[in-house]
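Structural features, examined
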Amino acid sequence: MCGIFGISGHKEASRLTYFGLYALQHRGQECTGIVTYDGKENHLQVGGGLVHDVFQEKDLSALVGEYAIGHVRYGSAGNRGVRSALPLSVRMAGGLQLAIAHDGKIINAPQLRKELEDEGAIFQSNSDTEIFIHLISHRLRNLSLEEAILDACKKIEGAYSVLILANGKLIALRDPHGFHPLLIGRMPDEKHSYVFASESCAFDLLEAELIRDVLPGEMVVVEKGTEEIVSYRFGEGTPVRQCIFELVYFARPDSTIFGENVYQCRKRMGHTMVREARQEVDCVIPFPDSGIYAALGAAQEAGAPYEHALIRNHYVGRTFIQPTQSMREFGVRVKINPVHSMIQDRKLMVVDDSIVRGTTVRTRVAKFREIGAKEVHFRVSSPPVLHPCCYGVDFPSSEELVAVHHSPEELRQELGLDSLHYLSIEGLMSTVSCPNSYCAACFTGVYPTALPIAE
Ligand code: AMP
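Everything numeric in this text was worked out from a predicted model, so none of it was measured.

1. Observations concerning the sheet that holds strand β9 (residues 183-186)
Sheet strands associate in pairs through backbone hydrogen bonding, adopting either a parallel or an antiparallel arrangement. Read across the sheet, 7 strands follow the order β3-β2-β4-β1-β10-β9-β11 without closing on themselves; strand pairing throughout is antiparallel. At either margin of the open sheet sits one strand with a lone partner, and together these are β3 (42-48) and β11 (209-213). Taken pair by pair, the neighbouring strands of this sheet meet at an average axis angle of 15°, ignoring direction. Sheet topology note: the β9/β11 ladder contains 4 bridges and is antiparallel. By the bridge assignment for β11, Arg-186 is matched with Glu-209. Most of the contacts of helix α1 (residues 13-23) go to strand β4 (residues 67-73), to which it runs at about 25°, and overall it touches β1 (2-7), β2 (31-37) and β4.

2. Some points on the domain arrangement of the protein chain
Each domain of the protein chain was delimited in the assignment, giving domain 1 (2-240) and domain 2 (261-433). Averaged C-alpha coordinates put domain 1 and domain 2 at centres separated by 34 Å.

3. Structural notes on the sheet that holds strand β22 (residues 419-422)
Taken together, 4 strands build an open sheet; the order of strands is β17-β20-β21-β22 and the sheet is parallel. Each end of this open sheet is capped by a strand with a single partner; those strands are β17 (283-286) and β22. Taking the axes of each pair of neighbouring strands and ignoring which way they run, one obtains an average angle of 20° across the sheet. Those strands touched by helix α13 (residues 359-371) are β20 (347-352) and β21 (375-380), and its axis lies near 155° from that of β21.

Calculation rules
- Residues numbered from 1 in each chain as written.
- Predicted model: local features only at pLDDT ≥ 70, side-chain atom pairs only at ≥ 80, totals over all residues.
- Heavy atoms only, no water.
- Pairing = 2+ DSSP bridges.
- Helix = DSSP H or I, 4+ residues; strand = E, 2+ residues; numbered from the N terminus.
- Axes fitted to C-alpha atoms, helices over the stretch in contact; angles between N-to-C directions.
- Contact = heavy atoms within 4.5 Å.
- Domains from an automatic or database assignment.

Structural data, given as structure tokens:
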């Protein structure tokens, strides 16, 4: 999972991209990059770390031009390190400068890469995104840029929300299933300055107007100096399958994606989860920050006070992204610490959005007993994660998924909980307005694409 941002026709393109990426930082903290186009050539800077560490004022000044795209990368298995940083920027035959930023995962990447290499393509990186570049460049011999991109998309299977900057054209596309979000906005008082972002929270920061989602199977082209956007459709007939985990965990609660406000959706998950497994408790406690919104709904539904009895150290990144298990466990302890007096002698409902490896619940919930909680009822606002994701969410392989080896009852016993309840898949789907338009393969094992994941 990554975050992408783009802007057309604005004097402050690099700075606004910097702020756009800042708002999307939660989608990836491993590396980041910005490409601008100044009317003649592209300027690129990428680096490892957070947006504000990588870009200083002098860097933004050197990224000249009124067009920009940017990327924040969440390292996933096999693709860590700054060598995988995006955007990629290349000069193609005929002087076309093309830069590309991608959120998602191409599932037929190995086959496409082999085919392209057999035809003579030389790859510079191991990123899926380079496949787009080779597919497009091959087609540019006979086709226009737009035709070449649409034709390339016919070969690509999987998840891609993409921004392309090509000699002053800004192009946004979303795969026909629409796995990951991508939205269109417009800068205030600048009718020809369009912005694109993975989540609407990036528009709020820039005071840009949210226009709409890039639709699943849509390519949107913004031409230099025009006020209109041109839309092309592709992959007709493909069922829409947006990633439900974006709403459960990934997206920021102040964002609206897939037509849903994330905050309200998470609250509904909390309400539904409590309705499914009622329990009288003294208070409801969220795991910060991921459990907060479901816990709000849960507390309202349970009629119990909401207490912030787990305190988050905000100077620690997302613990999940740490590469080893011992670092992850230590990371959870550094990140979350309980308020003892709020826990002693009380019946608690503790809420998190998901259990994946079980690190968070194992490391912290056992502590509640030691501190002297009377009862601990754990509630999870999504079903058990039982299957890996092949569309960009960095879940571990099946062996590491705790729910694969432990039924809820086994896990409850192992953790010494009084009760444990995961929101049912039906309950989860009842919280969104178009339940049939989601991918929930991580919970159900029903993958919407023909190619299965190689586990
Ligand atoms: P775990 O501790 O391994 O059970 O993971 C669950 C915790 O990590 C929850 O608090 C989630 O909010 C968070 N989480 C779940 N899935 C992911 C993911 N793919 N990447 C990063 N964090 C995640």
